[in-house]
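Structural overview for review
Next come the chains, spelled out residue by residue.
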Amino acid sequence: MVSMPRSRSFKFLMELREKNQARIKELRLMYEVLKKSPLALIGFILVLGFIVIGIIGPYITPYDPIKIDFSNMIKERLQPPSWKHWFGTDEYGRDIFSRVLAGARISLMVSIVVMAIAIPIGIILGLLAGYYGGVVDEIVMRITDIFLSFPALILAIAFSATLGASIWSAMIALALVWWPGYVRVVRAQTLSVRESLFVEAAKAIGVKTSRILFRHILPNVITPLLVLVTLDFGSVILTSAALSFIGLGAQPPTPEWGRLVADGRKWFPTRWWYTFFPGLAIFLTVLGWNLLGDGLRDMLDPKFRRRLEFRKGDTNE
Amino acid sequence: MSDILLEVKDLKVNFYTYAGVVKAVDGVSFSVRKGEFFSIVGETGCGKSVTARAITKLIKPPGRIVGGKVLFEGKNLLKLPEKELKKIRGKEIAYIYQDPSSALDPLYTVGYQIAETVAVHNPLIKIKNAFTKAVEILKEVAIPDPVKRSTNYPHELSGGMKQRVVIGIAMVNKPKLIIADEPTTALDVTIQAQILDLLKELKEKYNTTIMMITHNLGVVAQVSDRVMVMYAGKVVEIAPVEELFEKPLHPYTQGLLAAVPNPLKKVEEIKAIPGFVPDMINVPKGCRFRPRCKFATEKCLQQPSLIEVEKDHWVACWKYWKR
């Protein structure tokens, strides 16, 4: 009697485990890859740290990142790193550590907004071009080619200069230059998945075209897109920092990392901490995304996985 | 003539390739009667599958249907708008494919895929609620432990089981016509027999009609009522199955049957048909089998049309026009 509920919950657990067998295997494999590849793990930790700071950063700053304390400004300005100010202070006596923490929020927001605009455009245009082919494909791909023929940064500069310098116009400009890469990836994958028999089979049971595109083709093309997006998160952060650096992105007093680097430039190299710490933040974040992207690619690449599975099998038996 | 379910008249499908126009199906006519098991036999590339796909306009570019009619219960499917066709596909006419491993979407459970087929044709049913139906149909196609299997992904099932699932998907809406495109080719012989039995059994149970495409004469003999033989995009002979095997009329059919080794007789040499299947871009003038036919005459430079030599036995060969 006593063991009844326990055995029941045990049975329930077993059932749950059986039901999600495929998913559990997937997670275990990811864990194995992360364990085997320390770089991917470092990337994962850096990205996790970035996201956490991006979310809670503005609430945990030791000092106000924006407001200038005029009463102590002269005394506090351009102080080197100390226990009081870990990353030193800027020319208005503001704590650079606080500003860098608050800046993570901006970089996170920029990259998410840019992706949220660029990915859907890329997916929809890529699916349409790849699935329909012919004239649709020609039109979409030629427009894409035009966008791709300019270096992303130059085009983004042109867009945000036209839209006026602000963090929002920088986001729109980046989204406008970022979608063509996704169109290409999605289209190329769609071209091959389109020929699969299961797509024809779906058509043969009378499934609507939109459902075929989003329910049957899209899930089968998402993997390479996921890798590319992860790698691109770093590039978006870097490019938005570059836009702010040349004065086209975030405007003062917004604590944007690129902006901080630009502001600290005139005090460099004697007051090195002013540029160094924001620069380090950019560096670690971009590095983190790139390492994670590489790791993810390995994780999702069947060839690499098979190698790993074999290796695992060898040691076990 | 009310017992005719599907009538194909003078169907023409061309493929526009870089090398030239391939007339994959060139003036094919036949009819399928309600409740029968109709087979189409022919070599690879003779237009069997293209004919099957053209029936519900599933031909992909560069292929195009350039002529003819497909009358299904009196409606010309080739003239119907895409929207109406979607209602017919999977509901009235269902397909079974050759390779069950690639005919199922790898990312969904088989139960989901059966349920989807139900839901697509029934806007009131959500896919989630159609799962009971999926389990029912899996039981129907003799899959053991259907409740558990319905939650499996295609890669977790064997080839034979996958083909049963594909048959289940075809059957779930109780279509009037099932078009099976080489349903047993990808399976080994013992499973083949099981699948054919299953098809036959389900046909009787649901009173549907099956049109099967195959290149395997053994499979044809096992299940069919009537057989159509195709060669290079044309129909050469249509006959009831016993007639065709006992008294093949067209030289190609004769050659085809002679080329099948009989397991009861030890033969020194398999009699292959001499020559090759014609290049489909520059097809021979007149009868397409002429270059390989030992009975060929002057007259064969013109295309013979099908004539009814005996009741229900049609053949396209000048040999039988003499009378």
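Preceding this paragraph is the structure being described.
Residues numbered from 1 in each chain as written. Chains lettered and ligands numbered in written order. Predicted model: local features only at pLDDT ≥ 70, side-chain atom pairs only at ≥ 80, totals over all residues. Heavy atoms only, no water.

Residues and elements named next belong to chain A. Inspection of the entire model under this criterion finds 17 aromatic pairs over all chains. Seen from their ring centres, F50 and W257 are 6.1 Å apart, and the 55° between their planes marks the pair as tilted. Highlighted residues: F50 in helix α3 (residues 38–56) and W257 in helix α11 (residues 257–265), separated in sequence by 207 residues. Classification of F50 as buried rests on a relative accessible area of 5%. (Phe/Tyr/Trp six-rings, centres within 6.5 Å; stacked < 30°, edge-to-face > 60°. Helix = DSSP H or I, 4+ residues; strand = E, 2+ residues; numbered from the N terminus. Buried < 20%, exposed > 50% of the residue type's maximum accessible area, 1.4 Å probe, protein only.)

Residues and elements named next belong to chain B. With respect to topology, eight strands assemble into an open sheet ordered β6-β7-β8-β3-β9-β10-β12-β11, the strand pairing being mixed. Among the strands making up the open sheet, the edge pair consists of β6 (93–96) and β11 (307–310). Ignoring strand direction, the axes of neighbouring strands in this sheet form an average angle of 20°. Judged from the four bridges that link them, strand β3 (residues 37–41) and strand β9 (residues 226–231) form a sheet pairing that is parallel. (Pairing = 2+ DSSP bridges. Axes fitted to C-alpha atoms, helices over the stretch in contact; angles between N-to-C directions.)

The subject of this paragraph is the packing of helix α6 (residues 134–148) of chain A against helix α8 (residues 167–194) of chain A. Residue and element names in this part refer to chain A. At a minimum axis distance of 9 Å, the contact between α6 and α8 shows a crossing angle of 135°. By the angle between their axes, α6 is oblique relative to α8. Crossing angle aside, the handedness with which α6 passes α8 is left-handed. Of the residues in α8, those touching α6 at D137, V140, M141, I143, T144, D145, F147 and L148 are L176, W179, P180, G181, V183, R184 and R187. Here the contact of α6 with α8 is built from residues that sort into nine nonpolar, two polar and four charged. (Parallel < 35°, antiparallel > 145°, perpendicular 65-115°, else oblique. Left-handed = near helix turned anticlockwise from the far one by under 90°. Contact = heavy atoms within 4.5 Å. Nonpolar A, V, L, I, M, F, W, Y, C, P; charged D, E, K, R; others polar.)

Turning next to empty space enclosed by the protein. In this structure the tally under the stated criterion is three cavities of 30 Å³ or more. Taken as a whole, the largest cavity encloses approximately 170 Å³ of empty space. Along the walls of the largest cavity sit 17 residues, with A201(A), A202(A), I205(A), A103(B) and I169(B) positioned nearest its centre. If you list the elements that add at least two residues to the lining of the largest cavity, you get α9 (197–204) of chain A together with α4 (110–120) and α7 (159–171) of chain B. In terms of residue count, the dominant contributor to the lining of the largest cavity is α9(A) (four residues). Of the residues in the lining of the largest cavity, the class split is twelve nonpolar, three polar and two charged. (1 Å grid on protein atoms, 1.4 Å probe; cavity = no way out; pocket = protein on both sides within 12 Å on 5 of 7 lines; lining within 4 Å. Points joined across faces, edges and corners; volume = space filled by probe spheres on them.)

This part takes up the pairing of strand β7 (residues 177–181) of chain B. Looking along a regular strand, one sees side chains alternate from face to face of the sheet. Residues and elements named next belong to chain B. Within β7, five of the five residues are buried, which leaves it mostly tucked inside the rest of the structure. Covered by surrounding structure in β7 are L177, I179 and D181 together with I178 and A180, the residues of both alternating faces. Of the crossover connections in this fold, the one passing from β7 over helix α8 (residues 189–206) to the parallel strand β8 (residues 209–214) is right-handed. (Right-handed = clockwise from strand over helix to strand, strands pointing away.)

On to the interface of chain B and chain A. Across the boundary between the two partners, chain B contributes 27 residues, which contact 22 residues of chain A. Regarding the contact of chain B and chain A, the summed buried area is about 2,100 Å², with carbon and sulfur atoms giving 53% of it. When residues of chain B are sorted by the area they lose upon contact with chain A, K60(B), K86(B) and E116(B) head the list and together hold 24% of the total. For the interface between chain B and chain A, the tally reads three salt bridges. At the level of secondary structure, the elements contributing two or more residues to the side of chain B that touches chain A comprise β6, α3 (100–103) and α4 of chain B. By residue number, the principal contributor to the side of chain B that touches chain A is α4(B), which donates four residues. The residue makeup of the side of chain B that touches chain A, split by class, is 14 nonpolar, four polar and nine charged. (Buried area = accessible area lost by both parts, 1.4 Å probe. Salt bridge = Lys/Arg side-chain N within 4 Å of Asp/Glu carboxyl O.)

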